[in-house]
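Each chain, letter by letter, is given below.
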Amino acid sequence: MSVTVNDLVVYHYEKQPSDFKAGELLHNFNGTDYRVMENYGRENLLLMQMNTGMFVVGEGVEAYKRYPKDEIPTAENIQTGIEWGSGVYLGNDISAIDFKQLHEEYSGPPEPNERGEYEIEINETLSHTESVKADSYDEALDDVKDRYDRSEIVLDAESFAGVDFVPKNRSR
């Protein structure tokens, strides 16, 4: 028999292993379903609430199974779901969300590869603007592409516009 307090059932919770794959549908114990959009590692997930489309970063997300305390767990009384320590609610206007910044803030630190080395990708951006007199945009674009393909337009150190350093092996 379940222990009740003011008609509320008291549950026993057991933490469950989970790797939270992107696209997976999760249920929390408050009755809300969430789709995993990105797993940042360290139990941090970017989630989308299914009934509103609202995005939230769940911090410290853990999977659990629960069943009424003082009952033997059975297929009929076990429920599975998620809980998290805190959430950062981002709204449902995806154009107002900086996903790159979220990834940088909530991802775990990089891990070394099997040889104990850290892999860091270096991305340089080169930029150059070419002015073209033409009868249409398509004609101007074709002209610039052709001249670029023939190496008449060459981007070099003078065209440097920025650099990013990206760790390749994020923890999960």
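What counts and what doesn't
Residues numbered from 1 in each chain as written. Predicted model: local features only at pLDDT ≥ 70, side-chain atom pairs only at ≥ 80, totals over all residues. Heavy atoms only, no water. Helix = DSSP H or I, 4+ residues; strand = E, 2+ residues; numbered from the N terminus. Buried < 20%, exposed > 50% of the residue type's maximum accessible area, 1.4 Å probe, protein only. Contact = heavy atoms within 4.5 Å. Areas by Shrake-Rupley, 256 points an atom, 1.4 Å probe, with all protein chains shown as cover. Lys, Arg positive; Asp, Glu negative; His and termini not counted. Charge placed at Lys NZ, Arg CZ, Asp CG, Glu CD. Pairing = 2+ DSSP bridges. Axes fitted to C-alpha atoms, helices over the stretch in contact; angles between N-to-C directions. Patch = residues over 30% accessible without salt bridge, like charges linked within 9 Å, V, L, I, M, F, W, Y side chains within 5 Å. Salt bridge = Lys/Arg side-chain N within 4 Å of Asp/Glu carboxyl O. Phe/Tyr/Trp six-rings, centres within 6.5 Å; stacked < 30°, edge-to-face > 60°.

Student: How should I be thinking about the overall build of the protein chain in this particular structure?
Tutor: For the protein chain, the helix and strand inventory stands at two helices and twelve strands. The order of α-helices and β-strands along the protein chain, N terminus first, is β-β-β-β-β-β-β-β-β-β-α-β-α-β. Taking the principal axes of its C-alpha atoms as reference, the protein chain extends roughly 85 × 45 × 25 Å. Put simply, the protein chain has 172 residues, and 24% of those count as buried. Within the protein chain, counting contacts between residues at least 6 apart in sequence, those at least 24 apart form 58% of the total. When the accessible surface of the protein chain is summed, it comes to about 11900 Å², and 48% of that surface belongs to carbon and sulfur atoms. Taking the average location of the 16 positive side-chain charges in the protein chain and that of its 35 negative ones, the two points are 3 Å from each other.

Student: I tried to follow unusual backbone geometry on my own but got confused; where do I start?
Tutor: For residues besides glycine, phi is generally negative; the peptide bonds are generally trans as well. Here D70, not a glycine, exhibits a phi torsion of approximately 70°, which is positive. Tracing the backbone through its elements, the reader meets D70 in the loop between strand 8 (62–68) and strand 9 (79–83). By relative accessible area, which is 58% here, D70 ends up exposed. A positive phi angle, near 60°, is found at S151, a position not held by glycine. Examined against the element boundaries, S151 turns out to sit in the loop between helix 2 (137–149) and strand 12 (160–167).

Student: Whenever I open this one, the sheet that holds strand 8 confuses me. Can you help?
Tutor: Across a sheet, paired strands are connected by hydrogen bonds in the backbone, their directions being either parallel or antiparallel. Across the sheet, three strands lie side by side as 3-8-9; this open sheet has antiparallel pairing. In this open sheet, the two strands that pair with only one neighbour each are strand 3 (11–16) and strand 9. Here the average twist between neighbouring strands, direction ignored, is 35°. As paired strands, strand 8 and strand 9 are joined by five bridges and run antiparallel to one another.

Student: Before we go on, may I ask you to explain the sheet that holds strand 5 (residues 33–41) in this structure?
Tutor: The five strands are arranged 4-5-6-7-10 in an open sheet whose pairing can be described as antiparallel. Of all strands in the sheet, those bounded by a partner on one side alone are strand 4 (25–27) and strand 10 (86–91). Across the sheet, the mean angle separating the axes of adjacent strands is 35° when strand polarity is ignored. Direction of pairing for strand 4 relative to strand 5: antiparallel, over a ladder of three bridges.

Student: Any chance you could explain a negative patch on the surface here in plain terms?
Tutor: A cluster of acidic residues, D135, D138, E139, D142, D146 and D149, forms a negative patch at the surface. Counting through the fold element by element, D135 comes out in the loop between strand 11 (120–126) and helix 2.

Student: Got a minute to help me understand the packing of aromatic side chains in this structure?
Tutor: By convention here, two paired aromatic rings are described through the distance between centres and the angle between planes. Under the defined criterion, the tally for this structure stands at five aromatic pairs. Ring geometry for Y13 versus F29: centroids 5.5 Å apart, planes at 85°, classification edge-to-face. A residue pair is termed long-range when its members are at least 10 positions apart, and Y13 in strand 3 and F29 in the loop between strand 4 and strand 5 qualify at 16 residues. Take Y13: its relative accessible area is 37%, and that puts it in the partly exposed class. Given the relative accessible area of 13%, F29 is considered buried.

Student: Explanation requested: a nonpolar patch on the surface in the structure shown.
Tutor: A cluster of nonpolar side chains, Y118, I120, I122, L126, F160, V163 and F165, forms an exposed patch at the surface whose accessible area comes to about 720 Å². You can call F160 partly exposed: its relative accessible area is 44%.

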